[in-house]
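# A structural walkthrough
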Amino acid sequence: MPAAPAAPAVKRDRTHYLYIAVIVAVALGIAVGLIWPDAGVQLKPLGTGFVNLIKMMISPIIFCTIVLGIGSVRKAAKVGAVGGIALGYFLVMSLVALAIGLVVGNILHPGDGLHLTNALKASGHSQVDSEALGPVDFVLSIIPTTFVSAFTEGQVLQTLLIALLAGFALQAMGSVGQPVLRGVEHIQRLVFRILGMIMWAAPIGAFGAIAAVVGSAGLDALKSLAVLMLGFYVTCVLFVFIVLGALLRIVAGLNILTLFKYLAREFLLILSTSSSESALPRLIAKMEHLGVSKAVVGITVPTGYSFNLDGTMIYMTMASLYIADALGTPMSVGEQIPLLLFLLLASKGAAGVSGAGLATLAGGLQSHKPALVDGVGLIVGIDRFMSEARALTNFAGNSVATVLIGTWTKDIDKDRMRQVLAGELPFDETTLLDEGAGAGTPELPEQREELAKA
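Counting from 1, residues in each chain are numbered in the order their sequence is written. Given that the model is predicted, a residue must reach a pLDDT of at least 70 before its local features are reported, and side-chain atom pairs must reach 80 or more before they are shown or counted; all residues, however, enter totals for whole chains, interfaces and linings. Remark: hydrogens and water are excluded; side-chain values derive from all non-hydrogen atoms of the structure.

## Details of a nonpolar patch on the surface
Note the threshold: Patches here: salt-bridge-free residues with over 30% relative accessible area, like charges joined within 9 Å, nonpolar side chains (Val, Leu, Ile, Met, Phe, Trp, Tyr) joined within 5 Å. The protein chains shown are the only cover counted for residues, whose accessible areas, like all others here, come from Shrake-Rupley with a 1.4 Å probe. Should a side-chain nitrogen of Lys or Arg be within 4 Å of a carboxyl oxygen of Asp or Glu, the pair is scored as a salt bridge. Helix numbering and strand numbering both begin at the N terminus, where a helix is a DSSP run of H or I of at least 4 residues and a strand a DSSP run of E of at least 2.
A grouping of L91, L95, V333, I337 and L341 is seen on the molecular surface, where their side chains present a nonpolar patch of about 420 Å² in accessible area. Taken together, the elements giving at least two residues each to the nonpolar patch come down to helix 4 (76-108) and helix 17 (333-349). Residue contributions to the nonpolar patch peak at three residues, all from helix 17.

## Quick look at the nonpolar core
Side chains that are nonpolar tend, in soluble globular proteins, to be buried together. Selection criterion: As used in this record, nonpolar core signifies buried Ala, Val, Leu, Ile, Met, Phe, Trp, Tyr and Cys residues forming a set joined through side-chain atoms within 4.5 Å. Relative accessibility decides the category of a residue: with a 1.4 Å probe and only protein chains considered, values under 20% of the type maximum give buried, values over 50% give exposed, and everything between is partly exposed. We call two residues contacting when some pair of their heavy atoms lies within 4.5 Å.
One finds L248, L259, I379 and V403 to be the most contacted residues of the largest nonpolar core, which totals 120 residues. When residues in this core are grouped by element, the largest group, 12 residues, is from helix 3 (residues 44-71). Residues contacting V403, with those up to four places away along its chain left out, are L248, A252, L254, L259, M287, L290, I412 and M417.

## Considering the confidence of the model for the chain
Convention followed: One confidence number per residue, pLDDT, is output by the predictor and ranges from 0 to 100.
Looking at the chain as a whole, the pLDDT averages 78, with 78% of positions reaching at least 70. Here helix 22 (residues 445-453) stands out as the least confident element of the chain, with mean pLDDT 47; helix 12 (residues 256-262) is the most confident, with 93. Confidence drops under pLDDT 50 across residues 1-10; counting only partners more than four residues distant or on other chains, this segment forms zero contacts. Considering only residues more than four positions removed or in separate chains, one finds that residues 349-354, a stretch of pLDDT under 50, has 10 contacts.

## A closer look at the side chain of S149
The line we're drawing: Each polar contact in these results corresponds to two N or O atoms within 3.5 Å; when the atoms are within protein, one needs to be able to donate a hydrogen and the other to accept it, and residues that are neighboring in sequence are counted only if both atoms are side-chain atoms.
Tracing the chain through its elements places S149 in helix 7 (residues 149-152). Judged by relative accessible area, S149 falls into the buried class, the value being 8%. Here T145 takes part through its backbone nitrogen, which lies 3.3 Å from a polar atom of the side chain of S149. Once you skip the residues sitting within four places of it in the chain, S149 turns out to touch P144 and Q158.

## As for the environment of L195
Here L195 is to be found in helix 9 (residues 178-198). Discounting chain neighbours no more than four positions away, the residues touching L195 are I54, M57, I61, P281, R282 and L432.

## Re the packing of aromatic side chains
This is how the line gets drawn: Only Phe, Tyr and Trp rings take part, Trp by its six-membered ring, and two of them pair if their centres are within 6.5 Å. Stacked means planes under 30 degrees apart, edge-to-face means over 60, and tilted covers everything else. Two thresholds decide whether a charge sits over a ring: the Lys NZ or Arg CZ must be within 6 Å of the ring centre and within 35 degrees of the ring normal.
What the rule picks out here adds up to nine aromatic pairs. Consider the rings of F147 and F151, whose centres lie 6.5 Å apart with planes at 50°: the pair is tilted. Taking 5.9 Å as the distance between ring centres and 80° as the angle between the ring planes, the aromatic pair formed by F241 and F260 counts as edge-to-face. Of the two residues, F241 is situated in helix 11 (residues 226-252) and F260 in helix 12; the sequence distance between them amounts to 19 residues. Each member of the aromatic cluster is reached from another via a ring pair, and the members are F241, F260, F267 and F395. Stacked on the ring of Y262, the Lys or Arg K286 has its end atom at 4.8 Å from the ring centre. Above the ring of Y315, the side-chain terminus of R390 is found at 4.1 Å from the ring centroid.

## Observations regarding the packing of helix 14 (residues 280-290) against helix 21 (residues 414-421)
The test is simple: Here an angle of 0 to 180 degrees is reported between the N-to-C directions of two axes, which are lines fitted to C-alpha atoms, with helices fitted over the stretch in contact. Under the convention adopted here, Pro, Cys and the residues Ala, Val, Leu, Ile, Met, Phe, Trp and Tyr are nonpolar, Asp, Glu, Lys and Arg are charged, and Gly plus all remaining residues are polar.
Contact geometry of helix 14 with helix 21 gives a least axis separation of 8 Å together with a crossing angle of 115°. Facing helix 14, whose interface residues are E288, H289 and L290, helix 21 presents R416, M417, V420 and L421. For the contact of helix 14 with helix 21, the residue count by class is four nonpolar, one polar and two charged.

## Notes on the side chain of S272
Relative to the elements of secondary structure, S272 occurs in helix 13 (residues 264-273). Side-chain polar atoms of S272 contact the backbone oxygen of L269, separated by 3.0 Å. When residues no more than four places from it in sequence are discounted, the contact partners of S272 are V22, V26, A206, A209 and I210.

## A closer look at the environment of Q155
Counting through the fold element by element, Q155 comes out in the loop between helix 7 and helix 8 (156-173). Its relative accessible area of 32% is what places Q155 among the partly exposed residues. Put simply, Q155 and S141 are 14 residues apart on the chain and 9.2 Å apart in space, counted from C-alpha to C-alpha.

## Notes on the pattern of salt bridges
In the structure shown here, the tally under the stated rule is five salt bridges. One salt bridge connects E185 with R189, and the closest N-O pair in it is separated by 3.7 Å. With E185 and R189 both in helix 9 and four residues apart, this pair spans about one turn of that helix. In this structure, E288 engages K294 in a salt bridge whose closest nitrogen and oxygen atoms are separated by 3.5 Å. In this structure K294 comes out as buried when scored by relative accessible area, which is 12%.

## A few points about helix 16 (residues 310-326)
Basically, it comes down to this: Each residue after the first adds 1.5 Å to the expected span of a helix.
When the terminal C-alpha atoms of helix 16 are compared, their 24 Å separation across 17 residues agrees well with the 24 Å that a helix rising 1.5 Å per residue should span. Burial analysis of helix 16 places 17 of its 17 residues in the buried class, the great majority of the element. Just downstream of helix 16 lies G328, where phi reads positive at about 75°.

## Some words on helix 15 (residues 294-307)
End to end, helix 15 covers 19 Å across 14 residues, agreeing with the expected 20 Å (1.5 Å per residue, within 8%). Burial analysis of helix 15 places 14 of its 14 residues in the buried class, the great majority of the element.

## Focus on the environment of L98
Mapped onto the elements of the fold, L98 is located in helix 4. Residue classification places L98 among the buried positions, given a relative accessible area of 5%. Spatially, the C-alpha atoms of L98 and G311 are 9.3 Å apart, while their sequence positions differ by 213 residues. With sequence-adjacent residues up to four places away left out, L98 is seen in contact with M313, T317, L340 and L344.

## Points about the packing of helix 3 against helix 8
Quick note on the threshold: Note on angle classes: values under 35 degrees are labelled roughly parallel, values over 145 roughly antiparallel, values of 65 to 115 roughly perpendicular, and the remainder oblique. Throughout, a crossing is termed right-handed when the near helix is turned clockwise from the far one, and left-handed when it is turned anticlockwise from it by less than a right angle.
Interhelical geometry of helix 3 versus helix 8 gives an angle of 30° and a closest axis separation of 8 Å. Considering the angle they form, helix 3 stands roughly parallel to helix 8. With respect to the hand of their crossing, helix 3 and helix 8 are arranged in right-handed fashion. Along the contact surface, helix 3 presents I58, S59, I62, F63, I66, V67, I70 and G71, while helix 8 presents V156, T159, L160, I162, A163, L164, A166, G167, F168, L170 and Q171. Of the residues assigned to the contact of helix 3 with helix 8, the class counts are 14 nonpolar, five polar and no charged.

Here's what the structure looks like:
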């Protein structure tokens, strides 16, 4: 009797060694920054280089994800519905985040009793970024100079526009466009494979980034602004686990800790680089693997990275109140609300600007209440530490938003989600794709019916 064929060998996931190395690198970076601060600052290019490598991959990944997502959906109205729900949700959550920051800032008053030097005033004015755009210029800036420049300039919203146009065009072409879709699918596999290779440089990037931050700020800056930092971190935690956690439980029936456990490596990557963009490509891949449709992931995640900045909203609220108190000109509620609504719009206009948190705050204050720009220098020293919480909160908000919008539009495979979160369908860390079922997430039942009819 012939022997039964041997089961195929299961590929060992060696990437857990990579993330252990990242944790060790972060600890070493903190030590170097504290013991040899000057040397730590000199290591900053290591962190910058790693983040730039990740950013290099963002535009092609967004393009492939959106084109494949829209191209596989037969009804254009469905894509429009996803976009409308996403933008409405982003606006509401931004207002909620602003309101929470406003309440906590008025309770703590962390800026009372501080003194401002001329050097700090100059430092504050230097943060006003000339690249921040007004509302009209911001809308016009979404249109790229050429079709290809959307990829070369690294503007997420320009890439989003080109991808939407290409996706709808392929959708209208029907079966004629299928070869193009298959080509884009192969390009997506190549891009994700390259990203997987880049991730092995994460420990080096984490070491350089953390050493530079600790070396440049030092303990003195942390001690003097500990109340603001602690208040901001606590506010972000409350927002994520109470507001977002309750929404996720009520709408999707999912425990937020279970979702965050699935995204633990992405949170570690953000913590070590202070950049939520470093985890954007992996969030797209993991949300598709979780069972959210390509269309929802392709529209929600890239748009959310520009419009759903919950952590940045809380930061701008608390920082504005902190600066006003520190300058001895506390704002009444009647003054606070118009300023914060202005900052809400300003943050969208500065999407994609390098150092957007501090630059947006300085630019918004310069336009709305110039006298407060002097005080921006007070928080320059700890801004990088606060950017950790901003980035983590922004990422948490976008991951939750993707699941919520997938649930509202019925574009999420609940059975697959349960299997993935239970560890029955592990994520392929090498390719970042489900190679067995083709690139990306298997189609939902409704999509399979539509494809069969086509």
